[in-house]
Amino acid sequence: MSLKSKANWGLLVMMLPGFIALFVFSILPMFGVFIAFKNIDYEKGIFGSDWVGLDNFQFFVATPDALVITFNTIAYNLVFIVLGTAAALAVALGLENLKAKKATRFYQAVMFLPYFLSWVVVSNLVFALLSVDQGVFNRQIVQPLGGEEIYWYNRPEFWPYILTFANLWKYVGYTSVIYLAAMMSIDPGYIEAASLEGATRAQIVRRIILPLISNVIIILVLLQIGKIFFSDFGLFYNVTMNMGSLFPTTQTIDTYVYRTLMNMGDLGMSSAAGLYQSVVGFVIVVLANLVVKKIDPDKSLF
Amino acid sequence: MSTSKRIDLPTVAKHAAFLLICFLCLYPLALVLGISFSDELEIAKTGFSAIPAKFSTKAYEFLFTSADTVIRAYALTIFVTVVGTAVSTLIIAMFAYPLSRKDFRQRKFFNGTIILTMLFSGGLIPWFMVCVNVLHINDTIFALILPYLMSPWYVVIMRTFFKSSIPDSIIESAKMDGAGELRIFFSIVIHLAAPGMATIALFTTITYWNDYWINMTLVNDPMLYNLQFLMMRVQMNIQYLSANAANLGAASAEIVRNLPSRSAQMAMTIITIGPIVLAYPFFQRFFVKGITIGSLKE
């Protein structure tokens, strides 16, 4: 028995660096959520500052921002989930029965490329298209058609579409790789047999392919739903060039927390918004996981 | 099957659709490349274009001569990426391997810890406070490396990889020969798991290379600006680079006036994504494999 406990010590030592990193950057901050219930006064220190109960939350909820950022975060995520899943499935289905394998690999590689670019890079690409003076849209489309140049970065009503497109541009290639891999693991015998029986492509897709990969689709969608209270910071902060005029349609919980802390230095408000996100986000991800567990226990987190 | 060679209309339409999508993916990059090689005055006259109206390399000359800021950011980013990736990959593998061992008694506890960190996060402010008030790593190079060392998602991927690629019998027999756990890991396990570690390393490389979040939160020292953050600064204010050039002396006013601002902003983008795009054809297949492992196998 002494041999076994010795073996465990070896493994524990091996885990130490990783555990320290995990503890310091992920677990320790969990205990820091009490900051949201305090009125932080640097003179008194974090622990010495006065407890203010739910004051920070009451201030936060009383601002019109609370509703706007909650709505924006959820609405963008829902649109991204629906359109992103549909687009990625369409791409994967398109590639699945292409006979030209070289072309398939090429298409896949090109569509996957945007995934590796940071949002700062994407924001420059978008700027090249939308800049008021020199942008491609104004110079090559709007003006030749006789239109007045559009001040894209001052028009919040366009940005739900622009950000949705940017999000699809960056992620559809990535998601379609997963769906295509799932489709490739289907026994080709099923599809061959069906087409010999005279089934059309639409029937094969609806009756064979989609049902057989439905687990993968459901799991991916549920994982995204689990994160519905969190947003892709760079998309909403950098791609919009941090323009205040776009806040009404582009401010999300993450950008709000960042801006309230960094620009306004309002620790109470931003930590209240942050804890609100953590707690509601936690409930949603736990619920999503319970559903995943019912469908496919191997894929659930717990 | 002679019919399989026949070119039919739906197939042609499909290729056309995919070519269009590929064009949409690549056009913005071509546009930025074109602008970076355009003459600044021509840009003002004719607007942005993927094909330079008047070819010029001034933007690149500007970036590499009048701004040592760019070169420092480049060196810093490479250093952080290399060190961060190496340490992170090793730490993740060393954490994940014991979790893949059925005879490891504390497995449940550590698996639970991993799940907990996936489900709940303290959020930005407590994280910020830990970094600043507990660790005091703000405005140091450690801030650019340490926070990204561990990722519970990669631990799960590696755990799966170890489970499926390391046979129990090998470990059993190594133990019989009297090898300790660390020895077994470094001389046997790590080699068998190399493809999995390569995948994690590639993901981590992208994380470090593409990061600007740390500079936005923890690091304000201009000596510690990485490439992405420098690009962000340049985008918001091209004068940022010329401010350094202005210190050079008499010619400064001239330099500022003739600043290739837009083309330099785009050239900055090109040199930042350059290494990724150039290496892309070689590493792309690893990613496809890695995603497949992580998402489909249990």
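Residues numbered from 1 in each chain as written. Chains lettered and ligands numbered in written order. Predicted model: local features only at pLDDT ≥ 70, side-chain atom pairs only at ≥ 80, totals over all residues. Heavy atoms only, no water.

Topic: the overall build of chain A
Counting secondary structure elements, chain A contains 13 helices and two strands. Against the 2.2 N^0.38 benchmark of 19 Å for 302 residues, chain A shows a C-alpha radius of gyration of 24 Å, more extended than a compact globule. Dimensions of chain A along its principal axes, counting C-alpha atoms only, are 85 × 80 × 30 Å. Looking at chain A as a whole, 54% of its 302 residues qualify as buried. Taking as baseline every contact in chain A between residues at least 6 positions apart, the subset at least 24 positions apart corresponds to 63%. Roughly 14100 Å² of accessible area belongs to chain A as shown, and the carbon and sulfur atoms make up 67% of that amount. Of the side chains in chain A, 19 bear a positive and 18 a negative charge, and the two mean positions are spaced by 13 Å. (Helix = DSSP H or I, 4+ residues; strand = E, 2+ residues; numbered from the N terminus. Rg over C-alpha atoms; globule rule 2.2 N^0.38 Å. Buried < 20%, exposed > 50% of the residue type's maximum accessible area, 1.4 Å probe, protein only. Contact = heavy atoms within 4.5 Å. Areas by Shrake-Rupley, 256 points an atom, 1.4 Å probe, with all protein chains shown as cover. Lys, Arg positive; Asp, Glu negative; His and termini not counted. Charge placed at Lys NZ, Arg CZ, Asp CG, Glu CD.)

Quick word on the overall build of chain B
Regarding its fold elements, chain B presents 16 helices and zero strands. Taken across its 298 residues, chain B has 51% of its residues classed as buried. For chain B, the share of sequence-separated contacts (at least 6 apart) that also reach a separation of at least 24 residues comes to 72%. Split by element, the accessible area of chain B, about 13800 Å² in all, is 67% carbon and sulfur.

Structural notes on the interface of chain B and chain A
Every contact between the two is made by 93 residues of chain B and, on the other side, 91 residues of chain A. Here chain B meets chain A over a buried area of about 8400 Å², counting both sides, of which 79% is carbon and sulfur. For the chain B face of the interface with chain A, the top three residues by lost area are F18(B), L119(B) and F120(B), together amounting to 8%. Our count for the contact surface shared by chain B and chain A stands at zero salt bridges. The tally of links from chain B across to chain A stands at 20 residue pairs in polar contact (both at pLDDT 80 or more). Partitioned by chemical class, the residues of the side of chain B that touches chain A number 65 nonpolar, 20 polar and eight charged. (Buried area = accessible area lost by both parts, 1.4 Å probe. Salt bridge = Lys/Arg side-chain N within 4 Å of Asp/Glu carboxyl O. Polar contact = N/O pair within 3.5 Å; in protein donor to acceptor, adjacent residues only side chain to side chain. Nonpolar A, V, L, I, M, F, W, Y, C, P; charged D, E, K, R; others polar.)

Regarding unusual backbone geometry
Backbone phi values are negative for most residues with the exception of glycine, while trans is the configuration of most peptide bonds. The backbone of N242(A) sits at a positive phi, close to 55 degrees, despite the residue not being glycine. With respect to the element layout, N242(A) can be found in the loop between α10 (233-237) and α11 (247-250). Residue class for N242(A) comes out partly exposed when judged on its relative accessible area of 22%. Even without glycine at this site, H136(B) takes up a positive phi of about 55 degrees.

Some remarks on a nonpolar patch on the surface
Residues and elements named next belong to chain A. On the surface, a cluster of nonpolar side chains totalling about 480 Å² of accessible area is made up of V279, F282, V283, L287, L290 and F302. Here V283 is to be found in helix α13 (residues 267-295). For V283, a relative accessible area of 42% corresponds to the partly exposed category. (Patch = residues over 30% accessible without salt bridge, like charges linked within 9 Å, V, L, I, M, F, W, Y side chains within 5 Å.)

Concerning the environment of V83(B)
Residue and element names in this part refer to chain B. Looking at where V83 falls in the secondary structure, it is placed in helix α4 (residues 68-100). Judged by its relative accessible area of 28%, V83 falls in the partly exposed class. The sequence separation of V83 and I145 amounts to 62 residues, and the corresponding C-alpha distance is 7.9 Å.

A look at the side chain of T260(A)
All names here are of chain A. Mapped onto the fold, T260 is located in helix α12 (residues 253-262). The class for T260 is buried, based on a relative accessible area of 2%. Beyond its immediate sequence surroundings of up to four residues, T260 is in contact with G265, D266, M269 and S270.

Quick word on the confidence of the model for chain A
Scored by pLDDT, chain A comes out at a mean of 91, with 98% of its residues at no less than 70. Of the regions scoring below 50 in pLDDT, residues 1-5 of chain A engages in three contacts with residues more than four places distant in sequence or in other chains. (pLDDT = per-residue confidence, 0-100.)

Some points on the pattern of salt bridges
Working definition: two side chains of opposite charge can pair if their charged atoms are close together. Residues and elements named next belong to chain B. If you walk through the whole model with that rule in mind, you get nine salt bridges over all chains. Residue R101 pairs with E181 through a salt bridge whose shortest N-O separation is 2.8 Å. Note that R101 is positioned in the loop between α4 and α5 (107-119) and E181 in helix α10 (residues 181-192), a separation of 80 residues in sequence. Residue R101 shares its accessibility class with E181, and that shared class is buried. In this structure, K175 and D103 form a salt bridge, with 3.3 Å as the shortest nitrogen-oxygen distance. Here D103 lies in the loop between α4 and α5 and K175 lies in helix α9 (residues 168-176), a separation of 72 residues in the sequence.

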